[in-house]
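# Remarks on the overall topology
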Amino acid sequence: MFSESAANGFEECSATAKWLLSKTEIRPLVGIVCGSGLGSLADILEDQIAFQYSEIPNFPKSTVHGHAGRLVFGMLKKTPCVCMQGRFHLYEGYSIQKVTMPIRIFKLLGVETVLLTNAAGGLNQDYNVGDIMIIKDHINMPGFVGIHPLSGPNDERFGIRFPSMSDAYDRELHQLAHGVGVELGYGDFLREGVYCVLGGPSFETIAECRLINKLGADAVGMSTVHEVIVARHCGMRVLALSLITNKAVLSYENQEKANHEEVLQTGRWRAEQLVKLFTTLVPRIPRGNNT
Ligand SMILES: O=P(O)(O)O[C@@H]1C[C@H](O)[C@@H](CO)O1
Ligand SMILES: Nc1nc2[nH]cnc2c(=O)[nH]1
């Protein structure tokens, strides 16, 4: 049952981090994960050094359209950053340990703050396609049945056995992102809400959407939560944003169907605003004081 725990074990992650650090002089403080269709966020980095996932030792490969599969190091204003242009999902067949391995590598590279993005379906009836939701909390559905990135032996070099998740989403970073969003004039499409992760790859049935909406979720997706848990376990601060790429179907009268092309299209449409948000936000992130 625990045979996959080595996939994100300390030795494996250290070897990969060491390899990366030997190839670049950039020592990242901020780690960014690009969601579906949001790969252009990596373009904000200057003096880039990029690696294909396929050339990085122990790294998984991206298999999803809209996830380029490159790890990009670079500077944003004066902040050294590393950016995953493409993430891994459970539905690709990777173990949850492999899915979250890059987050531990972030930690071993020296990252203090992780900024995660995703594409998500809007369950909250007030939400519109193109809204940017600052995630304030999550519902970890796979976790309810024991599919959890921290299952297996705990390695104290990363963190404690029973980490708290009531403070998963950093409130200071949340305020900062909200303030920057308002300052940039995004108030009309800026939201805050609860993200629910499911395994995918099928989109939800109408009954499933109704259920998770009743449970308190504002948006639904197939990623991010596992990464957040692993980042918090090893003490990095987290800000996570969902781009509402489609409205979840909650009525049998509604003929619409979620599809990945629409998800990618919305990502391309909102990329410019997200780029501006990150470009303004990252230089203002406080350094140090990890929790
Ligand atoms: O990586 P994210 O969570 O942004 O990707 C979402 C979930 C699925 O991978 C895909 C569905 O269109 O987009
Ligand atoms: N599970 C899920 N993931 C998404 N990613 C983008 N849109 C959706 C959606 O409607 N459902």
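Residues numbered from 1 in each chain as written. Chains lettered and ligands numbered in written order. Predicted model: local features only at pLDDT ≥ 70, side-chain atom pairs only at ≥ 80, totals over all residues. Heavy atoms only, no water.

One pass over the full model with this rule turns up 0 disulfides. For cysteine 34, which is in no disulfide, the shortest distance to another cysteine sulfur is to cysteine 83 and amounts to 3.4 Å. In this structure cysteine 34 comes out as buried when scored by relative accessible area, which is 1%. (Disulfide = S-S within 2.5 Å. Buried < 20%, exposed > 50% of the residue type's maximum accessible area, 1.4 Å probe, protein only.)

This next bit is on the site of ligand 2. Taken together, the neighbourhood of ligand 2 is formed by Ala119, Ala120, Gly121, Phe203, Glu204, Val220, Gly221, Met222, Thr245, Asn246 and Val263. With respect to ligand 2, the backbone of glycine 121 contributes an N or O atom lying 3.3 Å from a nitrogen atom. At 2.6 Å, a side-chain N or O of asparagine 246 approaches a nitrogen atom of ligand 2. In isolation ligand 2 exposes 280 Å². Once the protein is present, 94% of that is buried. Elements that contribute at least two residues to the shell around ligand 2 include exactly strand S5 (113-122), strand S8 (219-221) and strand S9 (237-247). A total of 3 residues in the shell around ligand 2 trace back to one element, the largest contributor, which is S5. (Near = heavy atom within 4 Å. Polar contact = N/O pair within 3.5 Å; in protein donor to acceptor, adjacent residues only side chain to side chain. Areas by Shrake-Rupley, 256 points an atom, 1.4 Å probe, with all protein chains shown as cover. Helix = DSSP H or I, 4+ residues; strand = E, 2+ residues; numbered from the N terminus.)

What follows is about unusual backbone geometry. When glycine is set aside, most residues are seen to have a negative phi, and most peptide bonds are trans. Residue proline 201 follows glycine 200 across a cis peptide bond; omega there is 0°. Along the chain, proline 201 falls in the loop between strand S7 (190-197) and helix H5 (206-214). Its identity is not glycine, yet aspartate 47 carries a phi of approximately 50°, on the positive side. When you line up the elements, aspartate 47 lands in strand S2 (residues 46-52). Despite not being glycine, asparagine 58 has its phi angle at roughly 70°, a positive value. Of note, asparagine 58 is situated in the loop between S2 and strand S3 (70-76).

Let us look at the packing of aromatic side chains. How two aromatic rings sit relative to each other is set out by the distance from centre to centre and by the angle between their planes. Under the definition given, this model contains 8 aromatic pairs. Between phenylalanine 51 and phenylalanine 73 the ring centres are 5.8 Å apart and the planes differ by 85°, which places this aromatic pair in the edge-to-face class. One end of the pair, phenylalanine 51, is in strand S2; the other, phenylalanine 73, is in strand S3, with 22 residues separating them in the sequence. Note on accessibility: phenylalanine 51 and phenylalanine 73 belong to one class, buried. Grouped by ring-pair contacts, the aromatic residues Tyr53, Phe59, Phe88 and Tyr94 constitute a single cluster. Directly above the ring of phenylalanine 189 sits arginine 270, whose terminal nitrogen or CZ lies 3.6 Å from the centroid. (Phe/Tyr/Trp six-rings, centres within 6.5 Å; stacked < 30°, edge-to-face > 60°. Lys NZ or Arg CZ within 6 Å of the ring centre and 35° of its normal.)

The next point concerns the UniProt feature "domain: Nucleoside phosphorylase" (unreviewed entry) in the protein chain. When the UniProt feature table is mapped to this numbering, "domain: Nucleoside phosphorylase" (unreviewed entry) covers residues 30-282. Structurally, residues 30-282 is divided into 28% helix and 26% strand, and its ends, taken at the C-alpha atoms, are 8 Å apart. (UniProt positions renumbered as here; feature names shortened; annotations may be inferred.)

Let us now look at the environment of asparagine 213. As for its placement among the helices and strands, asparagine 213 is situated in helix H5. Assessed through its relative accessible area of 28%, asparagine 213 is described here as partly exposed. Counting along the chain gives 107 residues from asparagine 213 to phenylalanine 106, while the straight-line C-alpha distance between them is 33 Å. In this structure, asparagine 213 is in contact with Leu123, Asn124 and Leu250, ignoring residues within four places of it in sequence. (Contact = heavy atoms within 4.5 Å.)

Time to look at a nonpolar patch on the surface. On the surface, Phe144, Val145 and Ile147 cluster together into a nonpolar patch covering about 340 Å² of accessible area. Of note, valine 145 is situated in the loop between helix H3 (141-144) and helix H4 (171-183). (Patch = residues over 30% accessible without salt bridge, like charges linked within 9 Å, V, L, I, M, F, W, Y side chains within 5 Å. Salt bridge = Lys/Arg side-chain N within 4 Å of Asp/Glu carboxyl O.)

Counting residues in hydrophobic clusters, the biggest one holds 44 residues, and the most contacted among them are Leu71 and Phe106. For this core, the element with the most residues is helix H2 (residues 96-109), which contributes 6 residues. Residue contacts for leucine 71: discarding those within four places in its chain leaves Leu20, Ile49, Ala50, Phe51, Tyr53, Ile56, Val82, Cys83, Met84 and Phe106. Core analysis: the second largest hydrophobic core is formed by 30 residues, Leu41, Val72, Ala177 and Leu281 among them. (Core = buried A, V, L, I, M, F, W, Y, C linked by side-chain atoms within 4.5 Å.)

Turning next to the site of ligand 1. In the region of ligand 1, 13 residues are neighbours, and Ser36, His89, Tyr91, Ser223 and His260 sit closest. Here serine 36 contributes a side-chain N or O atom positioned 2.7 Å from an oxygen atom of ligand 1. The separation between an oxygen atom of ligand 1 and a polar side-chain atom of histidine 89 is 2.7 Å. Contact with the protein chains hides 96% of the accessible area of ligand 1, taken as 340 Å² for the molecule alone.

Take the packing of H4 against helix H7 (residues 260-281) next. Relative orientation of the contacting elements H4 and H7 amounts to 120°, with a least axis distance of 10 Å. Judged on the interaxial angle alone, H7 and H4 are oblique. Where H4 crosses over H7, the handedness of that crossing is right-handed. Residue-level contacts link Leu176, Ala177, Val180, Gly181 and Glu183 of H4 to Leu277, Thr280 and Leu281 of H7. Across the contact of H4 with H7, the residue classes break down as 5 nonpolar, 2 polar and 1 charged. (Axes fitted to C-alpha atoms, helices over the stretch in contact; angles between N-to-C directions. Parallel < 35°, antiparallel > 145°, perpendicular 65-115°, else oblique. Left-handed = near helix turned anticlockwise from the far one by under 90°. Nonpolar A, V, L, I, M, F, W, Y, C, P; charged D, E, K, R; others polar.)

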